[in-house]
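Breakdown of the fold
Here's the letter readout for the chains.
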Amino acid sequence: MTNNSKKKSKSVQLQKHIIPFLYELILQPDLMASTFSGSENIKVKVNKEGKSITLHSKDIKIETAKYANKNSEQFASKIEYDTEKETATFYFKNGIKIGQGIISIIFSGIINDGLRGFYKSKYVLDGDDKYIATTQFEATDARRAFPCFDEPAHKAIFEVSLIIPESHTAISNTLPTQIKEHSAGYKIVSFAPTPIMSTYLLAFIIGEFEYIEGYTNQTSKTLVRVFTTKGKSHQAKFALDVAIKSLEFYNEYFDIPYPLPTLDLIAIPDFESAAMENWGAVTFRETALLVDDEHTSLSNKQWAAIVIAHELAHQWFGNLVTMSWWTDLWLNEGFASYMENYCIDHLFPDWHIWDLYIADRYTLALRLDSLSNSHPIEIKVNHPNEINEIFDMVSYAKGSAVIRMLAEYLGQDNFRDGLRHYLKKHSYKNTETLDLWNSFEKVSKKKVIQMMSSWTKATGYPLITVSPKSKQYLELIQERFFSSRIQGKIYKNSNQKKNLWEIPIKYESNNEILNLLMTKKSAPVIGTSIGKVNKEEGTFTRVRYDKETLARLKNEIEKEKLSVKDRLGIIRDMFALAEGGYIKTIDALSFSLAYKNEKEFIVWAEISSGINKIANIIGDESFIESYKKYALSLFSPLALRMGWDHKAGENHSDTFLRNLSISMASHYGDKKIIDEAKKLFKNKDKYPIRADVRGIVYSIIANNGGLKEWNIFEKMYSNEAFHEEKERYARALASFKNKEMLLKTLNFALSRKVRNQDVPQLITSVWQNREGRDITWKFIKNNWKIIIKNYGDGGHFLSRLISPLGSHTKSKDLADAKKFFIKNIAPGAERELAQIYEKIESNVAWLNDDKKLIKEWLSKNY
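Below or above, wherever it landed, is the structure these notes cover. (Residues numbered from 1 in each chain as written. Predicted model: local features only at pLDDT ≥ 70, side-chain atom pairs only at ≥ 80, totals over all residues. Heavy atoms only, no water.)

Observations concerning the overall build of the chain
Along the chain, the regular secondary structure elements total 28 helices and 28 strands. Taken over the C-alpha trace, the chain has a radius of gyration of 28 Å; the compact-globule value for 862 residues is 29 Å, and the two agree within 12%. Overall, the chain is about 90 × 65 × 60 Å in size when its C-alpha atoms are taken along their principal axes. Relative to its full complement of 862 residues, the chain shows a buried share of 61%. In the chain, the proportion of contacts linking residues at least 24 apart, taken out of those at least 6 apart, comes to 71%. For the chain, the computed accessible surface area is about 34600 Å², with 50% contributed by carbon and sulfur atoms. With 119 positive and 106 negative side-chain charges, the chain shows a separation of 5 Å between the mean positions of the two kinds. (Helix = DSSP H or I, 4+ residues; strand = E, 2+ residues; numbered from the N terminus. Rg over C-alpha atoms; globule rule 2.2 N^0.38 Å. Buried < 20%, exposed > 50% of the residue type's maximum accessible area, 1.4 Å probe, protein only. Contact = heavy atoms within 4.5 Å. Areas by Shrake-Rupley, 256 points an atom, 1.4 Å probe, with all protein chains shown as cover. Lys, Arg positive; Asp, Glu negative; His and termini not counted. Charge placed at Lys NZ, Arg CZ, Asp CG, Glu CD.)

A short note on the pairing of strand E25 (residues 503-509)
The element E25 is extensively covered by neighbouring structure, given that six of its seven residues are classed as buried. Hairpin connection, E25 to strand E26 (residues 512-518): the antiparallel pair is bridged by two residues, and Asn-510 has positive phi, about 50°. (Pairing = 2+ DSSP bridges.)

Comments concerning unusual backbone geometry
The bulk of non-glycine residues show a negative phi, and the bulk of peptide bonds are trans. For the bond running from Glu-138 to Ala-139, omega is 5°, close enough to zero to count as cis. Among the structural elements, Ala-139 can be located in the loop between strand E10 (128-136) and strand E11 (157-165). Located in the positive-phi region is Asp-126, a residue other than glycine, with phi close to 55°. Structurally, Asp-126 is set in the loop between strand E9 (117-125) and E10.

Description of the sheet that holds strand E24 (residues 474-480)
Taking strand neighbours across the sheet as the criterion, the four strands line up as E27-E24-E23-E28 in an open arrangement whose pairing is mixed. Single-partner strands in this sheet number two, and they are strand E27 (522-525) and strand E28 (542-544). Geometrically, the sheet is characterised by an average inter-axis angle of 25° between neighbouring strands, direction not taken into account. Where E24 lies against E27, four bridges are found, and the strand directions are antiparallel. Among the inter-strand pairings, Leu-474 is bridged to a residue of E27, identified as Val-525. (Axes fitted to C-alpha atoms, helices over the stretch in contact; angles between N-to-C directions.)

Overview of the pattern of salt bridges
Evaluation of the coordinates by the stated rule reveals 51 salt bridges. A salt bridge links Arg-144 to Asp-141, with the shortest nitrogen-to-oxygen separation between them at 2.5 Å. By relative accessible area, which is 7% here, Arg-144 ends up buried. Assessed through its relative accessible area of 4%, Asp-141 is described here as buried. Measuring nitrogen to oxygen at the nearest pair gives 3.7 Å for the salt bridge that ties Arg-552 to Glu-548. One end of the pair, Arg-552, and the other, Glu-548, are both in helix H12 (residues 547-558), four residues apart, so they sit about a helical turn from each other. Look at Arg-552 and you get partly exposed, because its relative accessible area is 28%. Salt bridges sharing partners connect three or more residues here, namely Glu-508, Lys-532, Lys-535, Glu-537, Asp-566 and Arg-572. (Salt bridge = Lys/Arg side-chain N within 4 Å of Asp/Glu carboxyl O.)

Topic: the environment of Glu-378
Mapped onto the elements of the fold, Glu-378 is located in the loop between helix H5 (361-368) and helix H6 (384-389). With relative accessibility at 16%, the residue Glu-378 sits in the buried group. Each residue touching Glu-378, except ones within four places of it in the same chain, is listed here: Thr-327, Asp-328, Trp-330, Thr-433, Thr-456 and Lys-457.

This is the structure:
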């Protein structure tokens, strides 16, 4: 099923003539009973007479609904629920008149354990079970906590009051204005009115917390606090420092002061995503916020900083100015994903964060958007399941990539001033993508709308081919790139209109860096020879070179004449071109040998990714052992060069490269590396393993272990309180070669010892282990009812959980998957399934086309 043929659901948006402007909301949660009761007054403006009012409501029991204006009040004569549209409609016999009125509702609901809406999080403190009630409303789950106009364009002010136990703390978007006794053992906490904002940004959290605090240094000082469960506030120091500095940076960059007096960051033990940007009360998964000096790796510390900077960027881009509808989700996520890197690069210049971005998120976007079953950045969505599907790497990573491209095209000053113009003009309002392009055009005086629309309204991205036309000049030719050779052929032979992008390109010619805006299918370039095209990977595209140019670039790589981003871009495109059938796989393998002396992590990360992908394709072939020798010829010398020990003054790239080289060398069978890992693990109590290599050591031990090691890691996992360390043990439990041990891990994943938030990652880790592939797919099918019960009601878990199915390489697996999912629904994962089918089909074709040549190349060289 391709994206183009996918059946679209009808719009479920509410009526436009009833406009909320104030919610007065009172909630009383019962954490032990997992229920809550509540009441609300919604002040509305009615612009058209009618007989009914429809609000969003899901899993809410409404006891009474009343409408009042200055002349009269009346109770609803009937309440009608629509479970498909997730609405409740109130009918009034006397009708609803034009003017202002108040909708008053008394209701109750459940505090669920599904990590959506108003939900419960459990943790253990000093042997006792403790509970937190918290919220996660994006995209469409405020309706699970109270009946509301649950759409981003229906902005309103919220006045929240929470009735909670005396021993508990309540946190919401604003500071409390009053705390008073409510009844025996309970208090009522009333919060200041919020700014005018969308329902998905509302938050309330109830639990037993401790916190640390600090202030920004600007004139209008902002109180910044980081909340944790008791005993963990010492792990919040890094987050507090990053949050304060990020807030100061954004205040200056956007030239708009953060509008609230306080900003809270709250670590939640159970959380679906990394974090959520609720205005003034940002909630986080613990691993995305808490840093321990002894146990946190550099990569996780960096991840925490990135997530904090992302969520704080949202306080302007998303919260202050909000998309009108989820079609423009990328306005939120793409810009926050760009600004997170811009901010962290300012705060931690030694991290070279843009290099890491090119190797990570940028690469993920290129992979996803090379599928026929990708989607445009701007995409029409209606039902909540469709909305949840687009919280993917197209909205986040491709969105940030085209924004980075635009910033380079406009220049950083014009880009910043365009953003300021947009944010100031539309503060506290809702916008569409066109509003942003208009601001950029006004400030820069460059044509932005036409160029950027070619990137945001179309699926996919271009492949630029360097083609010699004569002795006088070369030509650049654009076409859509496909990772699947099958889909590429179908597209070429189809009658559908072919995409054309307006492509800003930097390229090297005769030792000069030149700029070109490519607006047609082909464009001549200056000079009789050309160097690197798409300098510094500034444009979201891939490049295919002619043989002469490629040979010249290979020579420059061997002599270390190209920049790190350019070295990465060339090998990344080579492996991708091999997968798509544009070149032979052996051309990419042979080219990779030019990188034997490479020193940068991000380049090796791309090489390892390409090597692993091919290993997956040929994993069941007789020549796989020869392929392992090829991989070791690259990674064993690298691992030896890097060593196990951290060197004084080494940069972040070396720290990451050590981990990668050891991991890859051990994966392909380097016995010296494996033996050294065993020594480190054996002596870990006497000589603690450094946090940066700890996870690799654990995984190597598991990969070469059995029941004894499984029991060790299961016990360590179950007893560990620090979540980052817990994740290391989880990866180890998924790393065994022994299928019996892997089946034990899968069963363990569904036990009470594993949090709901961590189950999908543990299962997918086993699935990504080649030895666990078939047993995990069988396990998924056998436990599908449990999986749907836990993860089939909104959110992103289901798509992530089944994604490893796309790495399968057999036609029988494709047929089996299609047969299974015809009979078993995967709500909110329909596009993921289409992508999975495309990937398996592509894997099968790739192996059939290239395995003979790969075998011959390996037999000659290894």
